[in-house]
Amino acid sequence: MINRLILCLGLLLSSFVSFSQNKSFDEMMVKRTINCFDVAINSTELFESYMIVNELDSAQMLLNYWEKTCGLVEPVFRAKTILSLHNNTFEESELPSNLMDYLMSYQHKIMYTSEGIEFNNWTSSLYDYVHPNSDFNVLLSRMAKGAINDFEESSTEAFLASFYASSSPNVHSMLSEERYSNTKVRYLYDFKVQSIENTTKLHSGLFGGTWSPTGELNVLGTHPNLGFFIGGKKKKLTYDLTLSFKFLNVKDGYEARRDGASSPLENTKHFFGGYFGVDFGREITRWGNNELQLLAGIGLDGFDALKEDEDAGIDGASVLTYNFNIGLGYKYNLSYREYLGLQLKYNVADYSLNSVVDYSGNAVTFSLIWGFYTSPLADSFYYKPKAKKKKK
């Protein structure tokens, strides 16, 4: 009897422990953690309700909580800024040094919407979890519009109110207006532009022009010269690897040797040459979209003078020499990522170095350049929405 009682108690205890564990696991399965998606949804709704009843202190406390939980994300910064304009408590001196990042983030959100990028689970982070057509955004835009006339037309406050009130805000065009030239927001914009300009960019391009020999080498005549370059740009300095080719036969011919100084001279019209080197450019002055550069480079130069004859077992012959060059360059910047340029260089070389030809002289190269800069930072800052295709 006692044994049966002990057995029953053991079964009851086991069942209780099992039930307790299951309950604990169930609770764990539904346990929630705070995430910024939920915070954004609830905060936007609460903010609207506080503003409707004019509980401005509660609205400010809510924004502080949102910032503490998720950081000073763009919607929080925008709401705090517009609320301070609405309350007339805005302080220009308190603007963050990365103000342009917040303004561009908001501008990009407007552009994403115009491009048809819908708000969903995959794209919500692009919008900082705030629906672009939410009542929260509409309310902030209306508050900003109402604050425009509360400040001087040329003030930072008026700029921010106008920017956030616009249905298609554009930092670049708005800050090009003379009235904002002495504001802190214009100073921060110029600082951002300069910091992007000073970052390292990929530098590349294509060029075409002429190669014109001097002195005795003038017998070869002028030849087309085509090539490309790739390298980098840091502040005012460019540094590139350059490869170019000069071609077309020599009209009246010239003399060359196959096996150096001991072999006889042969008449030839064949000419195909190249240059491979490291070229540098240093901006010396700039005005508007125009730049003037000092150029220098060093590399290997040469050309094929005599063709190979495989059937007769005769080797070809090529001129090979060093090349030191210096010159001037001009650029006209079409945009932050593209330019047209002109270069004039004097190339010092010794084309008789390996005794294939006996002509002494240097060369002048003239080039028309189509150049490119590639920078993710610049692409983000100057981002423009894709043009919509017109429906037929």
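Within each chain, residue numbers correspond to sequence positions counted from 1 in written order. This being a predicted model, a pLDDT of at least 70 is required before a residue's local features are given, and a value of 80 or more before pairs of side-chain atoms are given or counted; all residues contribute to the totals for chains, interfaces and linings. Computation of side-chain values: all heavy atoms of the structure, hydrogens and water removed.

Some points on the overall build of the protein chain
When helices and strands are counted, the protein chain shows 10 helices and 10 strands. Computed over its C-alpha atoms, the radius of gyration of the protein chain comes to 35 Å, more than 25% above the 21 Å expected for a compact globule of 392 residues. Each of the three principal axes of the protein chain carries a C-alpha extent, and together these read 120 × 85 × 50 Å. Relative accessibility under 20% of the residue-type maximum defines a buried residue, over 50% an exposed one, and the middle range a partly exposed one, all with a 1.4 Å probe and only protein chains included. For the protein chain, with 392 residues in total, the buried portion stands at 38%. Helix numbering and strand numbering both begin at the N terminus, where a helix is a DSSP run of H or I of at least 4 residues and a strand a DSSP run of E of at least 2. Radius of gyration here uses only the C-alpha atoms, and the compact-globule reference equals 2.2 Å multiplied by the residue count raised to the power 0.38.

Considerations on the nonpolar core
By nonpolar core we mean a set of buried residues, namely Ala, Val, Leu, Ile, Met, Phe, Trp, Tyr and Cys, connected to one another through side-chain atoms within 4.5 Å. If you look at the biggest cluster of nonpolar residues, it comprises 48 residues, and the most contacted ones within it are Phe-47, Trp-66, Met-100, Leu-103, Phe-159 and Tyr-164. No other element matches the seven residues that helix α7 (residues 156-165) contributes to this core. By the convention used here, residues are in contact when the closest approach between their heavy atoms is within 4.5 Å. If sequence neighbours within four positions are ignored, Phe-47 has contacts with Ala-59, Leu-62, Leu-63, Phe-136, Leu-139 and Leu-140.

Here we look at the packing of aromatic side chains
Between 30 and 60 degrees the pair is tilted, below 30 it is stacked and above 60 it is edge-to-face, where a pair is any two Phe, Tyr or Trp rings, Trp via its six-membered ring, whose centres lie within 6.5 Å. Using the criterion set out here, one finds 26 aromatic pairs in the structure. Ring centres of Phe-77 and Tyr-102 lie 4.4 Å apart, and the angle between their planes is 15 degrees; this geometry places the pair in the stacked category. Of this pair, Phe-77 sits in helix α4 (residues 74-87) while Tyr-102 sits in helix α5 (residues 99-114); the two residues are 25 residues apart in sequence, bridging distant segments of the chain. Taken as a pair, Phe-77 and Tyr-102 share a single burial class, namely buried. Taking the centre distance of 5.8 Å and the plane angle of 40 degrees together, the rings of Tyr-189 and Phe-381 count as tilted. With Tyr-189 in helix α9 (residues 184-198) and Phe-381 in helix α10 (residues 376-381), this residue pair connects regions lying 192 residues apart in the sequence. Each member of the pair Tyr-189 and Phe-381 is classed as buried. Each member of the aromatic cluster is reached from another via a ring pair, and the members are Tyr-106, Phe-159, Phe-163, Tyr-164 and Tyr-180.

Points about helix α2 (residues 36-52)
The span one expects for a helix is its residue count, reduced by one, times 1.5 Å. The terminal C-alpha atoms of α2, which comprises 17 residues, lie 24 Å apart, in line with the 24 Å expected from a rise of 1.5 Å per residue. Of all the positions in α2, only Val-39, Ala-40, Ser-43, Thr-44, Phe-47, Glu-48 and Met-51 are classed as buried. Each buried residue of α2 lies within a common arc of 155 degrees when the element is viewed along its axis, so the set occupies one face. Exposed residues lying more than 90 degrees from the buried face of α2 are Glu-45 and Ile-52. Measuring from the backbone nitrogen of Phe-37 back to the side-chain oxygen at the start of α2 gives 3.1 Å, which picks out Asn-35 as the cap. Throughout, the arc means that of the directions going from the helix axis to the C-beta atoms. Pairs of N or O atoms within 3.5 Å make up the polar contacts considered here, provided that, within protein, one atom can donate a hydrogen while the other can accept it, and that residues adjacent in sequence are counted only when both atoms are side-chain atoms.

With respect to the side chain of Asn-333
Mapping Asn-333 onto the fold places it in strand β8 (residues 317-335). Among the polar contacts made by the side chain of Asn-333, one reaches the side chain of Glu-291 at a distance of 3.0 Å. Residues within four places of Asn-333 in sequence aside, it is in contact with Asn-289, Glu-291, Glu-338, Tyr-339 and Tyr-373.

Notes on the state of the cysteines
For this text, the term disulfide refers to a pair of cysteine sulfurs within 2.5 Å. Following the criterion strictly, the structure yields one disulfide and no others. Here Cys-36 connects covalently by a disulfide to Cys-70, the sulfurs 2.3 Å from one another. Residues Cys-36 and Cys-70 share a disulfide whose torsion about the S-S bond is about -115 degrees; that sign makes it left-handed. Of this pair, Cys-36 sits in helix α2 while Cys-70 sits in helix α3 (residues 56-70), and the two are 34 residues apart along the sequence. We classify Cys-36 as partly exposed; its relative accessible area is 27%. Here Cys-70 falls in the buried class, since its relative accessible area comes to 18%.

Focus on helix α6 (residues 135-147)
Over its 13 residues, α6 runs 18 Å from end to end, which matches the ideal 18 Å to within 8%, given 1.5 Å per residue. Restricting attention to buried positions, one finds in α6 the residues Phe-136, Asn-137, Leu-139, Leu-140, Ser-141, Met-143, Ala-144 and Ala-147. On the buried face of α6, the contacting elements are α2, α3, α4 and α7.

Comments concerning the environment of Phe-119
Residue placement: Phe-119 occurs in the loop between α5 and α6. On the basis of relative accessible area, Phe-119 is assigned to the partly exposed category, the value being 23%. Separated by 233 residues in sequence, Phe-119 and Ser-352 place their C-alpha atoms 69 Å apart. Among all residues touching Phe-119, those that are not within four sequence positions of it are Phe-37, Ser-124, Tyr-127, Tyr-129, Val-130, His-131 and Pro-132.

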